[in-house]
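# Reading the structure
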Amino acid sequence: MITRLKFLGVGIAASAALLFSPVWAQATPDLGTPTLPAPGFKKLKVGEMEVISLNDGVGRRPLVAEFVKNAPLDEVKALLTSQNLPTNYIDIPYTTFLVVNGNQRYLMDTGFANNGGPTTGKTIANMAAAGYKPEDINNVVISHFHGDHINGLLYKDGSLVYPNAKVHVPAGEYAFWMDKERLEKAPAGLKGAMTNAQRVFSKIPADKLVKFESGAAVAPGITSIAAFGHTPGHSLFTVKSGGQSFIYVADITNVPELFARNPDWAVMFDMDPEMARQSRRKVFDMIVKDKMTVGGFHFPGSAIGTIAPSGNGYQFTPMK
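Residues numbered from 1 in each chain as written. Predicted model: local features only at pLDDT ≥ 70, side-chain atom pairs only at ≥ 80, totals over all residues. Heavy atoms only, no water.

### Thoughts on the overall build of the protein
Across its full length, the protein holds nine helices and 14 strands. Relative to its length of 320 residues, the protein is compact, with a C-alpha radius of gyration of 18 Å against a globular reference of 20 Å. C-alpha extents for the protein along the principal axes are approximately 50 × 45 × 35 Å. By residue count, 57% of the 320 residues in the protein fall in the buried class. Excluding contacts between residues fewer than 6 apart, the proportion of contacts in the protein whose partners are at least 24 apart in sequence is 71%. If you sum the accessible surface of the protein, you get close to 12800 Å²; carbon and sulfur atoms cover 54% of it. Side chains of the protein carry 31 positive and 27 negative charges; the gap between the two charge centres is 2 Å. (Helix = DSSP H or I, 4+ residues; strand = E, 2+ residues; numbered from the N terminus. Rg over C-alpha atoms; globule rule 2.2 N^0.38 Å. Buried < 20%, exposed > 50% of the residue type's maximum accessible area, 1.4 Å probe, protein only. Contact = heavy atoms within 4.5 Å. Areas by Shrake-Rupley, 256 points an atom, 1.4 Å probe, with all protein chains shown as cover. Lys, Arg positive; Asp, Glu negative; His and termini not counted. Charge placed at Lys NZ, Arg CZ, Asp CG, Glu CD.)

As structure tokens, then:
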């Protein structure tokens, strides 16, 4: 169980307050509309399994000094400029991943369903384009309890988006967010985040909720990896079959154009920035060493690609 007191500090309250409104993007100035990937899915064979990235949408937010907590805004803008990217806003993609292993289908994280802004909630449409519907999903695997990863378990009316699915969650993450005593004592920002998590998981039938220890196998060929820091129980997942390997890194990094290139930078949403930094370095080193194909929730394009060393950090290259 995770009991680190620093997760109750000011940093978590500030980041949670900014993260958990499902319509946060709608409160921003008019910065134009982000372009969504087309097609909104990408298929990858991993041995006998198949991994399918499913774009849930893209959020656009102003680039403010607080977005990168430990770097001057001028340095952040310079790195974006060097990649021919805008410097007045950040586009943040949301991508879920479907792993198909025979008649078992594992959706990794959920996006927003119909709870977010107009440029989100595209997972189900892209799932249909890839040949599946919500009723086909018999497992949902959650990396952590931030709203953009769990709100898509329910529609606005409270009904289940994936009625036939068991929901697999990291045990430590569940213990942290579902603690009612912690909720009562939490600062305002954290209170809102915890209330959201408890709202969502109160609707999941007990016989459909499966807790796993981070680092344990979730299913044949699918293993979790503890990567704490972004949240107390943040977990990643490897998919291995036939000598091939893929890793879903969830939120080990926010947009890689910033936080893979500079792994020591902390996004405003990291709840324990130093622990998140250590996890990020460790995971990226492993990916490079083992030559793994990688997918990330906030990665651009197909959200599936490769990681290679670049300067003091790493470069993500999406598959076409």
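### Considerations on the sheet that holds strand E3 (residues 89-101)
Spatially, the seven strands line up as an open sheet ordered E1-E2-E3-E4-E5-E6-E7, and their pairing is mixed. Each edge of the open sheet carries a strand with a single partner, namely strand E1 (41-46) and strand E7 (209-212). Averaged over neighbouring strand pairs, the angle between their axes works out to 25° when direction is ignored. (Pairing = 2+ DSSP bridges. Axes fitted to C-alpha atoms, helices over the stretch in contact; angles between N-to-C directions.)

### Quick notes on the nonpolar core
Phe 67 and Leu 258 are the most contacted members of the largest nonpolar core, which has 55 residues in total. When neighbours within four sequence positions are excluded, Phe 67 is seen to be in contact with Arg 61, Ile 90, Ile 92, Asn 254, Leu 258, Phe 259, Ala 266, Val 267, Met 268 and Phe 269. Counting residues in hydrophobic clusters, the runner-up holds 35 residues, among them Val 161, Val 169, Met 178 and Met 194. (Core = buried A, V, L, I, M, F, W, Y, C linked by side-chain atoms within 4.5 Å.)

### Topic: the pattern of salt bridges
One pass over the full model with this rule turns up nine salt bridges. With a closest N to O distance of 3.7 Å, Arg 182 and Asp 179 form a salt bridge. Relative accessible area serves as the criterion here: at 16%, Arg 182 is assigned to the buried category. Note that Lys 185 and Glu 181 form a salt bridge whose closest N and O atoms lie 3.2 Å from each other. You can see Lys 185 and its partner Glu 181 sitting in helix H6 (residues 180-185), four residues apart, about one turn around the helix. Here Lys 185 and Glu 181 have matching classes, each one exposed. Three or more residues joined by partner-sharing salt bridges are found here, namely Asp 264, Glu 274, Arg 277 and Arg 281. (Salt bridge = Lys/Arg side-chain N within 4 Å of Asp/Glu carboxyl O.)

### Description of unusual backbone geometry
In the segment running from Ala 38 into Pro 39, the intervening peptide bond is cis, with an omega of 0°. Positionally, Pro 39 belongs in the loop between helix H1 (10-19) and E1.

### Observations regarding the sheet that holds strand E8 (residues 217-219)
Spatial ordering of the open sheet is given by E8-E9-E10-E11-E12-E13-E14, a layout of seven strands whose pairing is mixed. Edge positions in the sheet fall to E8 and strand E14 (313-318), since each has one partner strand and no second. Looking at each pair of strands side by side, their axes are set apart by 35° on average, direction ignored. Examined bridge by bridge, strand E10 (residues 235-241) and strand E11 (residues 244-248) share five bridges and lie antiparallel to one another. Bridge pairing links Lys 240 to Ser 245 in E11. Those strands touched by helix H9 (residues 273-290) are strand E9 (222-226), E10, E11, strand E12 (293-295), strand E13 (304-310) and E14, and its axis lies near 105° from that of E13.

### As for the pairing of E3
Within E3, 11 of the 13 residues are buried, which leaves the element mostly enclosed by the surrounding structure. Where strand E2 (residues 49-62) and E3 come together, 12 bridges link them in antiparallel fashion. The partner of Gly 59 across the bridge, within E3, is Ile 92. Taken together, the five bridges between E3 and strand E4 (residues 104-108) define a ladder with antiparallel strand orientation. Bridging across to E4, Leu 98 finds its partner in Leu 107. Hairpin remark: E3 followed by E4, antiparallel, with two residues in the connecting loop; positive phi at Gly 102, about 65°.

The analysis is restricted to geometry; functional conclusions fall outside its scope.
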